[in-house]
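Reading the structure
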Amino acid sequence: MPTLYGNTTGLSPLATKTLERIYRRKVPLGSIATPELIKALAEASHETGRQVGALVHRSGEIDYVVVGDATRLMLPDIGRLRAAQGRFRALRLVHTHLFNEPLTRDDLVDLVRLRLDLVAAVQLSPQGEPRTLQYAYNVPVHGKEAVTVTVDDEGGDDRGKAELPYRTVGPVAVGRLDVDFGALIQALEDEFAKRSRTRSVAAKDGRAILVHVAEKAKAGALARAEESLRELTDLAGTAGVDVADRVLQLRDRIDPRLVLGKGKLDEVVLRASELDAETLVFDRDLTPSQASAIAKHTDLKVLDRTQLILDIFAQRAESSDGKLQVELAQLKYTLPRLGQKDDSLSRLTGGIGGRGPGETKLEIGRRRAKERVSFLEAQLKRLSRQREQRRRRRARLGVPVVSIVGYTNAGKSTLLNTLTGADVLAENKLFATLDTRSRRLRFPEEREVVITDTVGFIRELPKDLFAAFRATFEEAADADLLLHVVDASDPARDQHIETTEALLTELDLIGIPRVVVFNKADLIAPEEGRRLLLGHPDAVLLSATDRETTRELLTKLADRLKSRWEEAAMVPAYEAETEGGELEEDGGLFDGEAESMTVLGPPSGAGAEAISARARGTFGA
């Protein structure tokens, strides 16, 4: 017996038979629809008072007969037939409109989202007679692919309209429909395939549309949203994603299911088709149900901010510590989302050990993930104890420790390289380095400092990632001084300072003495730099790429660490020798130690004040 899809509740036996007879119709490839099929659809619609549609295969067979309500049609899951790059679904939808209305947005979204060959609407008279037919098909977009920002306020202000990814024809009288459907589709597929071959994608992970949704009732919502979207753009670039477009929407409240709301999400789907984007990246953490609902509605890959950051960390982690921490964070993020996987995960296992009540594959996956989480946590605790032992030995040696902290991409690694002559990776990217690096900086009179570079902070750092990297952040717990590096050229520097201080408070590091270092002074006007120093009298303004500008920072280091050096000088000689032996044996007190930079100073015997004064000329020598 033929299967009817959609809203089949309450159909009379006569209506059911009328609908089932539609499956008998055949449609040649050269026609969109035959007069017989159009008449059969119209009769079924008149009988049921509902929209009725047929998904016609290119072979001429009717694959699906779908029943809707008076104003819309809900298509069944049609799988991924022929849905490769440059290919359509090999199915066309022919359906009725009871009130003589044109193609709706739902029709056009289904056309683009499902990559149907064509969507046709048969417009009926009040008596149920087919009058006209309007149809639409996908077309390649040759318009400008510039990044645009769409701001919705009251749902209506669109900036940056682009060429539509479809073309509509009609309405035309049913009897005067004259189009070679087969030739039209063949020409369109050839054009799409040609365009997909010639389009170059610079980014390794394809193209994406970034989406930010904010509540407009909050003060300064638009400014904060634009800044957040800018940061998401940087994150996407670091992750290897080509940003095709950015969408920003201000709403009265966030839609609990689709975040954007259905109408706006449909627009984003059309925009993705225009720009050949395969991914949607949301600038917020999506719940498992939200991510699933959006993915089902769009047929696009859906990522949230946490997934994007986790992906960056996975790419950048080099040390065993970093890889373990990233894997742990990813597992904790994935665990509550395992239930969103496909149906194959719910099948019962068989064989020895699988009989009885059994255990589903989904349950096995969860159990193994939890076991892996427990194993990783144990490994990280062991590595944390090793770091603690190294810090303790360093403390007994009496060497002061200075930790560099700050927002990601503020220039922390560049400053470490400039101060110590190290060659730590430093790039103009978010989270360019993830692993803690320690280097020595020698001052006169055989005095030295260990300078440690830490993982950069970011607003709303994913809690699983923060928990996994907490031990790494706590490397700064035994520091004698923190260098809080701030990107002076960033318009959001004040928010970055607040974020860093909030995270330092959460890590119980806020009580450690700090020196604020405004970096990238070469990118701001001199008067802007003076204003910064007026607001932060104890801060230092420099450019980490210019050694000459670090003189004042070295002076402050010498002055702030004066008492610490004096305490170290009181350590008995025999104890220092013992600890020195430990350093020689272990070789791991300063992880990844490179050639250290020596700060030139006054002759032996000069005081700390003279050291501070001479430090101003450090790199002039």
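These lines cover the structure that appears in this document, whether it is placed above or below. (Residues numbered from 1 in each chain as written. Predicted model: local features only at pLDDT ≥ 70, side-chain atom pairs only at ≥ 80, totals over all residues. Heavy atoms only, no water.)

Attention shifts here to the nonpolar core. Leu 235 and Phe 431 are the most contacted members of the largest nonpolar core, which has 47 residues in total. When residues of this core are traced back to their parent elements, those giving at least two are strand E9 (207-215), helix H5 (221-239), strand E10 (242-251), helix H8 (305-316), helix H9 (320-334), strand E13 (401-406), helix H12 (463-468) and helix H14 (493-506). Among the elements that make up this core, the one with the highest residue count is H5 (seven residues). When near neighbours in sequence (up to four residues on either side) are disregarded, Leu 235 contacts Arg 305, Leu 308, Ile 309, Ile 312, Leu 430, Phe 431 and Ile 458. Membership of the second largest hydrophobic core comes to 35 residues, among which are Ile 22, Ala 33, Val 67 and Leu 124. (Core = buried A, V, L, I, M, F, W, Y, C linked by side-chain atoms within 4.5 Å. Buried < 20%, exposed > 50% of the residue type's maximum accessible area, 1.4 Å probe, protein only. Helix = DSSP H or I, 4+ residues; strand = E, 2+ residues; numbered from the N terminus. Contact = heavy atoms within 4.5 Å.)

Most of strand E2 (residues 52-57) is tucked away: five of the six residues are buried. Examined bridge by bridge, E2 and strand E3 (residues 62-67) share five bridges and lie antiparallel to one another. Counterpart to Ala 54 in the pairing with E3 is Val 65. Note: E2 against strand E4 (residues 91-97), five bridges, orientation antiparallel. Note that in E4 the partner of His 57 across the bridge is Leu 91. (Pairing = 2+ DSSP bridges.)

Turning to empty space enclosed by the protein, a few remarks are in order. Scanning all chains against the criterion turns up one cavity of 30 Å³ or more. Approximately 60 Å³ is the volume attributed to the largest cavity. If you trace the largest cavity, you find it lined by Val 112, Arg 115, Asn 138, Val 139, Val 141, Pro 165, Phe 192, Arg 195, Ser 273, Glu 274 and Asp 276. Tallied by class, the residues present in the lining of the largest cavity amount to five nonpolar, two polar and four charged. Looking at the lining of the largest cavity, you find at least three residues from each of domain 1 (2-143 + 164-196) and domain 2 (205-311). (1 Å grid on protein atoms, 1.4 Å probe; cavity = no way out; pocket = protein on both sides within 12 Å on 5 of 7 lines; lining within 4 Å. Points joined across faces, edges and corners; volume = space filled by probe spheres on them. Nonpolar A, V, L, I, M, F, W, Y, C, P; charged D, E, K, R; others polar. Domains from an automatic or database assignment.)

Here seven strands make up an open sheet; going across it, the order is E1-E3-E2-E4-E5-E6-E8 and the pairing mixed. Two strands close off the open sheet at either side, each with one partner strand: strand E1 (4-6) and strand E8 (166-173). Neighbour to neighbour, the strand axes of the sheet diverge by 20 degrees on average, direction disregarded. Along the sheet, helix H2 (residues 35-48) contacts E2, E3, E4, strand E5 (118-124) and strand E6 (130-138); its crossing angle with E2, the most-contacted strand, is approximately 150 degrees. (Axes fitted to C-alpha atoms, helices over the stretch in contact; angles between N-to-C directions.)

The next subject is unusual backbone geometry. The linkage connecting Gly 170 with the following residue, Pro 171, adopts the cis geometry, with an omega of 10 degrees. Along the polypeptide, Pro 171 turns up in strand E8. One non-glycine residue, Ala 90, lies in the positive phi region at around 65 degrees. Since its relative accessible area comes to 2%, Ala 90 is described here as buried. Here the phi dihedral of Val 259 falls at roughly 70 degrees; this positive angle occurs in a residue that is not glycine.

All told, the structure shown has 28 salt bridges when counted by the stated rule. A salt bridge links Arg 372 to Glu 327; the nearest nitrogen and oxygen atoms lie 2.8 Å apart. Note that Arg 372 is positioned in helix H10 (residues 361-397) and Glu 327 in helix H9, a separation of 45 residues in sequence. For Arg 372, a relative accessible area of 32% gives the class partly exposed. Note on Glu 327: relative accessible area 26%, which makes it partly exposed. For Arg 514, the salt bridge identified is with Glu 501, shortest N-O distance 3.6 Å. (Salt bridge = Lys/Arg side-chain N within 4 Å of Asp/Glu carboxyl O.)

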